[in-house]
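# A structural walkthrough
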Amino acid sequence: MCGIVGIISKHNFSIKNSLLKSLKKLEYRGYDSVGFATKDGTIKKDIGFIDPFIEKTKDTETNLAISHTRWSTHGGITITNAHPHANKEKTIIALHNGIIENYLEIKQDLESAGYLFTTQTDTEIIPHFFDYELNKKKQTMQKAIQEFFKQVHGTFAILLILKNQNILYALKRDSPLVLGIAQDKFIFASDIYAFSDVTNKAIFFEDNEYAIATQEKFTFYDKEGNEIKKNVQEFSWSKEEESKQHYPHHMIKEIKEQPETSNRLIQSFATIQKNRIDKLVQLIRESKSIVFLGCGTSYHASLIGAILLSHQGINCRSNIASEAESFVSYDKETLCIAISQSGETMDVISELKRAKAVGATIASIVNVPYSTIQRFSETSIEILAGQEVCVAATKTFTNQVIVMLELARRFGYKINMQTISEKIKQTITDNEEKIKQLAEELCRKKDIFVLGKGMSYPMAREIALKLKEIDYIHAEGMMAGELKHGTIALIEEGTPVISLVPNDNKDMLSATQEVKARGAKTIIISNLKDKGDIIVPQSDTAEFAIYAGIIGHLLSYYIGVLLNVSIDKPRNLAKSCTVK
Ligand code: F6R
């Protein structure tokens, strides 16, 4: 997590209108604190969101500055722990995205050499390390960087400047880093989105590379200091409407965009994405086993994919990426399909690297083009949901599930994809008012249980996840059959239990009766008229997952409104999880 932006320019630029404006575009990567440093050694930082920071920052101009928006890993959310960090004299200033795993050892060594640490961050070792190399060991900066790559374990995208020098240093291992090449400036950032309104030319860093940029030129090196030639990529990035329009929150805007975003994706299967889908289908056919990898909401979508493809006789499974190491072994005949909105989730990337190392084939389903996971893949389907600003995934989840349905359709699963967008619209218009009332009933509850089975089990997890992350309500998404093996002990008079019951599923109906008998307040979501408290359009069980998901997303949204919580930026979260 964390977003970083550094600019070195031939001409002076405004900190507020240039540097912090770009940084603002990376706020989805973390919003615990924000800070910047300029070439003359000025460092400003604060806790909280970027907008209030911009408001109170007195604008200055410079031709070299670096900035950071933080998602805390080491050390609490304080101004002291906010980046950038500097050596005692404030002549070496650095900021960092990633985790330095052996920072305690390095810190001890530096402390023994007389360095004083003032923060609880792992990042603070960076300026002191370079101070030691440059000022005590009298190394050149190049040698110091190479030493850094040798000694430091862990993940990092680092920007570093030396006071009053017109040079920007950028180092990368595992954490994302890209250079944007504009007419009069070079912009280093966590992703291309930071500078997509300034240039469409970029160079992506690979692991264990560093770059040195002056006002005139940049040079890339491998970790041993050998100069390397890099390809400049031209990217196209459609300028998205990022405003909330007339909506109070991005979340509700994004939920309501779904008739269009789903339709855009569905139509692309026969047009602009036909080749990509064909390629993925071919890879699935040629592989002995398919492993979906994802985290959070994307994992839920992948579970639906694994169930659907298994029903079509394909040897397929889905794993939470951060735990896959304990369960999955890959070989040359494995196809790993990563599913990720951001395309940057470190837990997924690490697992893909493990799979690739033994010859597995990598494919992906992502929302963000040019993301690390997409660039890592042999073929990559884009879900074309457009930018999702709310931290919680809604429209991207729906489109991920739609890709799963299309893949299953290619293997014989019967579904009419052309009616989905219309049914999404109907789901929202038919139920929004009812959901607002339900939100009134549920918003003061401490615990909510959500039950599903088979294809609706991933949805139970998904709805519970949204209730947790948006509303801070403890919610459990459960396999209905598992309830009686323990969790049912928690059901008391009035405990809310949401049951996902597609097509009168008998097991789901029994589980619902079992909790009702123990006093639960049950809420049935069904796709059959008069068979539930909330009715979504008629559909088969897999398609039901989409509509039930939308109900869950709307419910968590309207509870959030009643609780007056930070809906688009929930506490402790970030949209892109680029650390393990
Ligand atoms: C929940 C949510 C997260 C993400 C997860 C994976 O609403 O958004 O659970 O789904 O962090 O992120 P991506 O899809 O970017 O890999």
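Heads up: these notes are all about the structure in this document. (Residues numbered from 1 in each chain as written. Predicted model: local features only at pLDDT ≥ 70, side-chain atom pairs only at ≥ 80, totals over all residues. Heavy atoms only, no water.)

This part takes up the overall build of the protein. A count of helical and extended segments in the protein gives 17 helices and 25 strands. In terms of C-alpha radius of gyration, the protein reaches 25 Å, essentially the compact-globule figure of 25 Å for 580 residues. For the protein, the C-alpha atoms occupy an extent of roughly 75 × 50 × 45 Å along the three principal directions. Per-residue burial for the protein yields a buried fraction of 61% across its 580 residues. Partitioning the intrachain contacts of the protein with sequence separation of at least 6 by distance along the chain shows that 71% fall at a separation of at least 24. Within the protein, one finds 71 positive and 71 negative side-chain charges whose respective centroids are separated by 2 Å. (Helix = DSSP H or I, 4+ residues; strand = E, 2+ residues; numbered from the N terminus. Rg over C-alpha atoms; globule rule 2.2 N^0.38 Å. Buried < 20%, exposed > 50% of the residue type's maximum accessible area, 1.4 Å probe, protein only. Contact = heavy atoms within 4.5 Å. Lys, Arg positive; Asp, Glu negative; His and termini not counted. Charge placed at Lys NZ, Arg CZ, Asp CG, Glu CD.)

Taken residue by residue, helix 16 (residues 506-516) has Met508, Ala511, Thr512 and Val515 as its buried positions. All buried residues of helix 16 lie within an arc of 100° about the axis, which places them on one face of the element. Tucked into the core, helix 16 has its buried residues touching strand 21 (447-452), strand 23 (496-501) and strand 24 (521-526). The N-capping residue of helix 16, defined by a side-chain oxygen 3.1 Å from the backbone nitrogen of aspartate 507, is asparagine 505. (Arc of directions from axis to C-beta. Polar contact = N/O pair within 3.5 Å; in protein donor to acceptor, adjacent residues only side chain to side chain.)

Helix packing geometry: the angle between the two helix axes and the distance between the axes. One way to put it is that helix 3 (residues 103-112) packs onto helix 4 (residues 125-136) with a least axis distance of 10 Å and a crossing angle of 45°. Viewed along their axes, helix 3 and helix 4 adopt a mutual orientation that is oblique. Taken as a pair, helix 3 and helix 4 cross one another with a handedness that is left-handed. Contacts from Tyr103, Ile106, Lys107 and Leu110 in helix 3 reach Ile125, His128, Phe129 and Tyr132 in helix 4. Considered class by class, the residues forming the contact of helix 3 with helix 4 number 6 nonpolar, 1 polar and 1 charged. (Axes fitted to C-alpha atoms, helices over the stretch in contact; angles between N-to-C directions. Parallel < 35°, antiparallel > 145°, perpendicular 65-115°, else oblique. Left-handed = near helix turned anticlockwise from the far one by under 90°. Nonpolar A, V, L, I, M, F, W, Y, C, P; charged D, E, K, R; others polar.)

Moving on to the environment of histidine 96. By the secondary structure assignment, histidine 96 is in strand 6 (residues 92-100). Placed 398 residues apart in sequence, histidine 96 and glycine 494 show a C-alpha to C-alpha distance of 48 Å. Setting aside anything within four residues of it in sequence, one finds histidine 96 in contact with Cys2, Ile4, His68, His83, Asp122, Thr123, Ile126, Thr155, Phe156, Ala157 and Ile158. A polar contact of 3.2 Å, which involves the side chain of histidine 96, links it to the backbone oxygen of threonine 155.

A sheet is described by the order of its strands in space; here 5 strands give the open sequence 17-16-18-19-20, paired in parallel fashion. The open sheet is flanked by strand 17 (316-320) and strand 20 (379-382), the only strands paired with a single partner. Each adjacent strand pair in this sheet contributes to an overall mean axis angle of 20°, direction not counted. The pairing of strand 16 (residues 289-294) with strand 17 spans 5 bridges and is parallel. Note that in strand 17 the partner of phenylalanine 292 across the bridge is serine 318. Relative to the sheet, helix 9 (residues 296-311) contacts strand 16, strand 17 and strand 18 (334-340), its axis offset from that of strand 17 by approximately 165°. (Pairing = 2+ DSSP bridges.)

Now for the sheet that holds strand 12 (residues 209-213). Strand pairing in a sheet is mediated by backbone hydrogen bonds. Such pairs are either parallel or antiparallel. One open sheet accounts for 7 strands, arranged 5-6-7-8-12-13-14; its pairing is antiparallel. One side of each edge strand has no neighbouring strand; the edge strands of this open sheet are strand 5 (85-86) and strand 14 (227-228). Bridging between strand 8 (residues 168-173) and strand 12 involves 5 bridges; their strand directions are antiparallel. By the bridge assignment for strand 12, tyrosine 169 is matched with isoleucine 212.

Below, the discussion takes up the environment of alanine 202. Along the chain, alanine 202 turns up in strand 11 (residues 201-204). Since its relative accessible area comes to 0%, alanine 202 is described here as buried. Apart from residues no more than four positions distant in its own chain, alanine 202 is found in contact with Val178, Leu179, Gly180, Ile192, Phe195, Asn231, Val232, Gln233 and Phe235.

Structural measurements only, silent on function.
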